[in-house]
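# Tertiary structure, described
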Amino acid sequence: MCSQEGEGYRLLKEYANGFMVSQVLFAACELGVFELLAAAPEPLDSAAVSARLGASPRGTELLLDACVSLKLLQAGVRGGKAVYANTELASTYLVRGSPRSQRDMLMYTGRTTYVCWGHLAEAVREGRNQYLKAFGIPSEELFSAIYRSEGERLQFMRGLQDVWRLEGARVLAAFDLSPFRVICDLGGECPPRTLGLCLELCCGYHSGHSPRPPAGGSGALAKACVSLYPGCRVIVFDIPGVVQMARTHFSASEDERISFHEGDFFTDPLPEADLYILARVLHDWTDAKCSHLLERLYQACRTGGGILVIESLLDADGRGPLTTVLYSLNMLVQTEGRERTPAQYRALLAPAGFRDVRCRRAGGIYGAVLARK
Ligand code: SAM
Ligand code: ASE
């Protein structure tokens, strides 16, 4: 009897089956289960869900019951039949277009990250990312691999914004940034929802069956920044492919305190600013490339200016928190970098010339490291 086996056996099953849990979540998101149930005036039975999704009755019933078991759906009974509705978790985080939706990140994780993780053992053996084996794509230029198609670029950009709608304000409030008037968000990406609408029309890229909600909630970190610090202006600096799309599709009605500047932060001149933000940029790169970038930033920065590194911070011993340890392995399978401890960020910042290095965890996945020139 498994109940007589110890804690070790319970943990083992949980770990071994974890991928099935992830796939239930990804599949239900991809099929549009949560949008369908959100739009329905009353809970639906499995036959109605399968008919409206165009999915098999057998598969749908099994998936819905797995979702109930995972607390993504709740089941009731109507006329002797089981009927299903979203739980609060699903309506908050899984329904496309809800203000706190994480659906785009889940879609990216399911379609791309998951495939790279299928080659984790090889990644550990070789010490490199797995785009070649996962997708047949060379990755000498990391972001050519990450942005290997318009659809993929869109999914990455949209997915990465999701977390900032939850944690952006808290991370940016970890330090008082109000003295910094001009803020440059390096590798800051651009408004993915406005973009997404256009790309789906222009490029025929489809990420689900359901109708797209109104544009909004985009450029999440820059937006959190101008709303938290109303006196500041944000320049989003990113590579030309990303910025050109932003320029073409960023509607004029969006915040005029947010502007765009294109370039390569490893080689091109950097915009003048009082504060440079590097959010989830350093974790993509080797120590050598990080040092090179930080030295360039030190040159560009005026005395008294600052740099704010936003990353998922490892504990001092590198063995926690679990989410960050796993993200670090994700950097192995998907990038050239790793997650780092506060001491490791200090060891990159100080030799580049930055002083007064201070580190604050913000209570979520991401924390902040502020340093001054
Ligand atoms: N800061 C955003 C966030 O936290 O959601 C995006 C982080 S994403 C992991 C890294 C960003 O760096 C992407 O937007 C990418 O286009 C940009 N990037 C990569 N290489 C770059 C380069 N050489 N110059 C400028 N931006 C670059
Ligand atoms: C990157 C960030 C991410 C590069 C690839 C990525 C994320 C997923 N894939 O800079 C977001 C952070 N999440 C994880 C699981 O690492």
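See the structure printed just above.
These notes cover the structure that comes with them. (Residues numbered from 1 in each chain as written. Chains lettered and ligands numbered in written order. Predicted model: local features only at pLDDT ≥ 70, side-chain atom pairs only at ≥ 80, totals over all residues. Heavy atoms only, no water.)

Here we take up the sheet that holds strand 3 (residues 81-86). An order of 1-3-2 is seen for the three strands of this open sheet, with the pairing classed as antiparallel. At either end of the open sheet lies a strand with only one pairing partner, and these are strand 1 (44-45) and strand 2 (73-78). Bridge analysis of strand 1 against strand 3 gives two bridges, and the strand direction is antiparallel. Its bridge partner being in strand 3, L44 is matched across the sheet by Y84. Packed onto the sheet, helix 4 (residues 57-69) meets strand 2 and strand 3 and runs at close to 115 degrees relative to strand 2. (Pairing = 2+ DSSP bridges. Helix = DSSP H or I, 4+ residues; strand = E, 2+ residues; numbered from the N terminus. Contact = heavy atoms within 4.5 Å. Axes fitted to C-alpha atoms, helices over the stretch in contact; angles between N-to-C directions.)

A few words on the environment of R372. With respect to the helices and strands, the residue R372 is situated in strand 10 (residues 367-372). Separated by 65 residues in sequence, R372 and I307 have C-alpha atoms that sit 6.4 Å apart. Contact partners of R372, with chain neighbours within four places excluded, come to F180, G304, G305, G306, F354, R355 and D356. Of the polar contacts made by the side chain of R372, one reaches the backbone oxygen of G304; its length is 2.8 Å. (Polar contact = N/O pair within 3.5 Å; in protein donor to acceptor, adjacent residues only side chain to side chain.)

On the basis of which strands lie adjacent, the open sheet formed by seven strands has the order 6-5-4-7-8-10-9 and mixed pairing. A strand with exactly one partner marks an edge of an open sheet, and here the two such strands are strand 6 (258-262) and strand 9 (355-361). Along the sheet, successive strands turn relative to each other by an average axial angle of 20 degrees, direction set aside. Sheet topology places strand 9 next to strand 10; five bridges connect them, and they run antiparallel. In the strand pairing of strand 10, R358 is matched with L370.

Taken together, 20 residues lie near ligand 1, and Y147, G187, E189, D238 and F265 sit nearest. Measuring from an oxygen atom of ligand 1, one finds a side-chain N or O atom of W164 at 3.0 Å. For ligand 1, whose accessible area on its own is 590 Å², the fraction buried by protein is 97%. For the shell around ligand 1, the secondary structure elements donating two or more residues are helix 10 (150-172) and strand 5 (233-238). A class-by-class count of the residues in the shell around ligand 1 yields twelve nonpolar, three polar and five charged. (Near = heavy atom within 4 Å. Areas by Shrake-Rupley, 256 points an atom, 1.4 Å probe, with all protein chains shown as cover. Nonpolar A, V, L, I, M, F, W, Y, C, P; charged D, E, K, R; others polar.)

In this structure the tally under the stated criterion is 17 salt bridges. Among the ionic pairs, R103 bridges to E35, the shortest N-O distance being 3.3 Å. Within this pair, whereas R103 is found in helix 6 (residues 103-117), its partner E35 is found in helix 2 (residues 33-39), the two being separated by 68 residues in sequence. R103 gets classed as buried once you look at its relative accessible area, which sits at 2%. The buried category is assigned to E35, whose relative accessible area is 9%. Across the pair D356 and R355 runs a salt bridge whose closest N-O atoms are separated by 3.6 Å. (Salt bridge = Lys/Arg side-chain N within 4 Å of Asp/Glu carboxyl O. Buried < 20%, exposed > 50% of the residue type's maximum accessible area, 1.4 Å probe, protein only.)

Next up on the list: the nonpolar core. Ranked by size, the top nonpolar core spans 45 residues in total, and within it L186, F265, L278, L294, L297 and I307 carry the most contacts. For L186, the residues in contact, after removing those within four places along its chain, are F237, F265, L270, Y276, I277, L278, V281 and L297. If you look at the next biggest cluster of nonpolar residues, it comprises 31 residues, including V171, L172, V243 and F260. (Core = buried A, V, L, I, M, F, W, Y, C linked by side-chain atoms within 4.5 Å.)

What follows covers the packing of aromatic side chains. Enumeration over the complete set of coordinates arrives at ten aromatic pairs. On the basis of an interplanar angle of 70 degrees and a centroid distance of 5.3 Å, the ring pair of Y108 and F156 is categorised as edge-to-face. Of this pair, Y108 sits in helix 6 while F156 is found in helix 10, placing the two residues 48 residues apart along the sequence. Of the two residues, Y108 and F156, both sit in the buried class. The interplanar angle of 75 degrees and the centroid separation of 6.4 Å between the aromatic rings of F143 and F156 together place this pair among those described as edge-to-face. Of this pair, F143 sits in helix 9 (residues 142-146) while F156 sits in helix 10, and the two are 13 residues apart along the sequence. (Phe/Tyr/Trp six-rings, centres within 6.5 Å; stacked < 30°, edge-to-face > 60°.)

Neighbouring residues of ligand 2: M105, Y108, F156, R280, H283, D284, Y327, N330, M331, Q334, T335 and Y366. Between ligand 2 and the protein, one listed contact pairs an oxygen atom with a side-chain N or O atom of H283 at 2.6 Å. If you list the elements that add at least two residues to the shell around ligand 2, you get helix 6 and helix 15 (322-334). Among the elements that make up the shell around ligand 2, the one with the highest residue count is helix 15 (four residues). For the shell around ligand 2, the residue count by class is six nonpolar, four polar and two charged.

Attention now moves to helix 1 (residues 7-31). Taking 1.5 Å per residue as the helical rise, helix 1 with its 25 residues ought to reach 36 Å, and the 35 Å between its terminal C-alpha atoms agrees with that figure. Roughly 45 degrees is the biggest bend found in helix 1, and it falls at N17. At its buried positions, helix 1 is contacted by helix 2, helix 4 and helix 6. Once helix 1 finishes, G32 follows within two positions and takes phi at roughly 90 degrees, a positive value. (Expected span 1.5 Å × (residues − 1). Bend = angle between axes of the 7 residues up to and from the residue.)

Function cannot be inferred from these measures alone, as they are strictly geometric.
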